[in-house]
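Here are the chains, one letter per residue:
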Amino acid sequence: MISGKEKILQCCRQALERRTALREKHAVCRLFDGTGDGVPQLFIDRYGALALAHLLPAPSDSVATFSEALRGALRESREKLEREWGVGSFYLRIHPHDPREHRSQEAELVWGEPQSEVIVTEGPCRFIVRPQRSVNAGLYADTRGIREYLAAHSLGKRVLNLFCFSGSLGIAAAVGGAAEIAQIDSSPDALEWAKANWQLNQGERVCVMRHICDDCRHFLDREGARVAAGGKRTAIAVIDPPSFGRGRKRTFSLKRDVGEIVEKVMRILEPEGEIILTSNTRELTPARLESAARSSTLAASWPIVRVEALLPPAEDFFSTGHDSIAMRGVRIIGAGAPRFACR
C-alpha cells in the first residue's frame, strides 16, 4: 500500500486532473479508482456536492498510520475539490475486515457540513444519497451507463428490477417511459428508500411502479406460474445482486445461485427480451457470467441471440481485471434487441 501524505496527495491531484472533463458532465462519477490511480485500497465517488472515500482493508498493520496520512491528503485537497468540483462535504468510510461490522459503523466527516442525506441529479433522474449510514451511499457510480441505457430503451416496456436496493435502475427505466416496473428486494429498509426515490421522480408519469418485499427466488417462482397461466411476460430484467445476502428463510450466494436466478428469469421473458446481469465479485468476470447464462438457456427454452460484456464507464474507472472491485456484467439478448451503448 502506498503510504505518506504527500504521495497520496500527489495521486489524488493526478486523478482529479485525469477527470477534468467530467466536472460538468457527470454529477455522479468516480474521482479515484484504486490501482488505476495509484492507491490500490482507495476509492472515491462524487455525488454532486458531496464526496465519499472508501478505504478497503489491506493485509497490513499500518492501516491506522495510512488512514491518518489519507485524512491529511484529503484535507489538503479541499480547496481544489470545493473550487473546481463543487464538493462541499467529504466523508471517509474505513472498511473493516469483517463485512458484518459495516452496519455498526458510520462514515466519518473529514471536512465540510454534515450531510446525512442529499439529493443528487443525474440526467433526468434524482436520487437520495445517504453517505453516513449506508455502506455504498445508495447509488453506484459504476452502473451509470446502465441507468443511461435503461432511460433510453425502456419506452412502453415491462421491466423487472431484482435486488433493487434503492431502486435507481428501476427509476431510470420509469423515467425512460417504461409502462410497468417491479422493484424487488428482501429488505424493507431498501424498499422504503426505493419508494422515496420514486416520489422524487414520479411527477406526472403514469407508469405502474410496484415495490415488493420478497426473496427474489420466491418472487420469480410466482411470476413463472403467472406467466405459465397466460400472464404478461417481461421485456427487460435487471439482476444486480449482492455477492452474498441473507433473506428471511435462506441465504443467497451469487457464485452459487446465479445460474438458478438466470434460468427463472428466462422463463418469464419475452422471446425478444433481455437480461442485464451484473456483479462486483472479482471472480465473476463477464465470461463466467456468460457461461452461467448459456448453461441456463437450454433448461429455460429461451435461446440467446448474443451476449455483450458490460463494464464501468471507461472515462472514470481506470482499474481493470482483478484490480477492479467495480461492476462487471453481461447483457443477455433475445431476438431483435438494440445494441448496448455506454458512454
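Scroll up to find the structure this text is about.
Residues numbered from 1 in each chain as written. Predicted model: local features only at pLDDT ≥ 70, side-chain atom pairs only at ≥ 80, totals over all residues. Heavy atoms only, no water.

Another aspect to go through is the sheet that holds strand 14 (residues 269–279). Spatially, the seven strands line up as an open sheet ordered 10-9-8-11-14-16-15, and their pairing is mixed. The open sheet has two edge strands with one neighbour each: strand 10 (208–213) and strand 15 (306–310). Strand after strand, the sheet turns through a mean of 15° between neighbouring axes, direction not considered. One ladder, built from six bridges, connects strand 9 (residues 180–185) with strand 10; its direction is parallel. Its bridge partner lying in strand 10, glutamine 183 is registered against histidine 211. (Pairing = 2+ DSSP bridges. Helix = DSSP H or I, 4+ residues; strand = E, 2+ residues; numbered from the N terminus. Axes fitted to C-alpha atoms, helices over the stretch in contact; angles between N-to-C directions.)

With that settled, consider the side chain of arginine 158. Considering the arrangement of structural elements, one finds arginine 158 in strand 8 (residues 158–162). Residue arginine 158 is classed as buried on the basis of its relative accessible area of 13%. Discounting residues that sit within four places of it in the chain, arginine 158 has contacts with Glu180, Arg210, Glu223, Arg226, Lys232, Arg233, Thr234, Ala235 and Ile236. (Buried < 20%, exposed > 50% of the residue type's maximum accessible area, 1.4 Å probe, protein only. Contact = heavy atoms within 4.5 Å.)

Right, let's get into the pattern of salt bridges. For side chains bearing opposite charge, pairing can occur when the charged atoms are close. This model, assessed by the stated rule, comprises 33 salt bridges. Residue glutamate 274 pairs with arginine 331 through a salt bridge whose shortest N-O separation is 2.5 Å. With glutamate 274 in strand 14 and arginine 331 in strand 16 (residues 328–333), this pair connects stretches of sequence that are 57 residues apart. Given a relative accessible area of 2%, glutamate 274 falls into the buried group. For arginine 331, a relative accessible area of 0% puts it in the buried group. (Salt bridge = Lys/Arg side-chain N within 4 Å of Asp/Glu carboxyl O.)

Attention shifts here to the pairing of strand 8. Of all five residues in strand 8, five are buried; the element is thus mostly enclosed. Judged by which residues are buried, strand 8 turns out to be covered on both faces: Arg158, Leu160 and Leu162 on one side and Val159 and Asn161 on the other are all buried. Here five bridges tie strand 8 to strand 9, and the two strands are oriented parallel to one another. Within the sheet, the bridge partner assigned to asparagine 161 lies in strand 9 and is glutamine 183. Between the parallel elements strand 8 and strand 9, the chain passes through helix 5 (residues 168–175) in a crossover that is right-handed. Judged from the four bridges that link them, strand 8 and strand 11 (residues 234–239) form a sheet pairing that is parallel. Along strand 11, the bridge assignment pairs asparagine 161 with valine 238. (Right-handed = clockwise from strand over helix to strand, strands pointing away.)

Turning next to the environment of tryptophan 193. Position of tryptophan 193 among the secondary structure elements: in helix 6 (residues 188–201). Residue class for tryptophan 193 comes out buried when judged on its relative accessible area of 7%. For the pair tryptophan 193 and glycine 167, spaced 26 residues apart in sequence, the C-alpha to C-alpha distance is 7.5 Å. Side-chain polar atoms of tryptophan 193 contact the backbone oxygen of isoleucine 128, separated by 3.2 Å. (Polar contact = N/O pair within 3.5 Å; in protein donor to acceptor, adjacent residues only side chain to side chain.)

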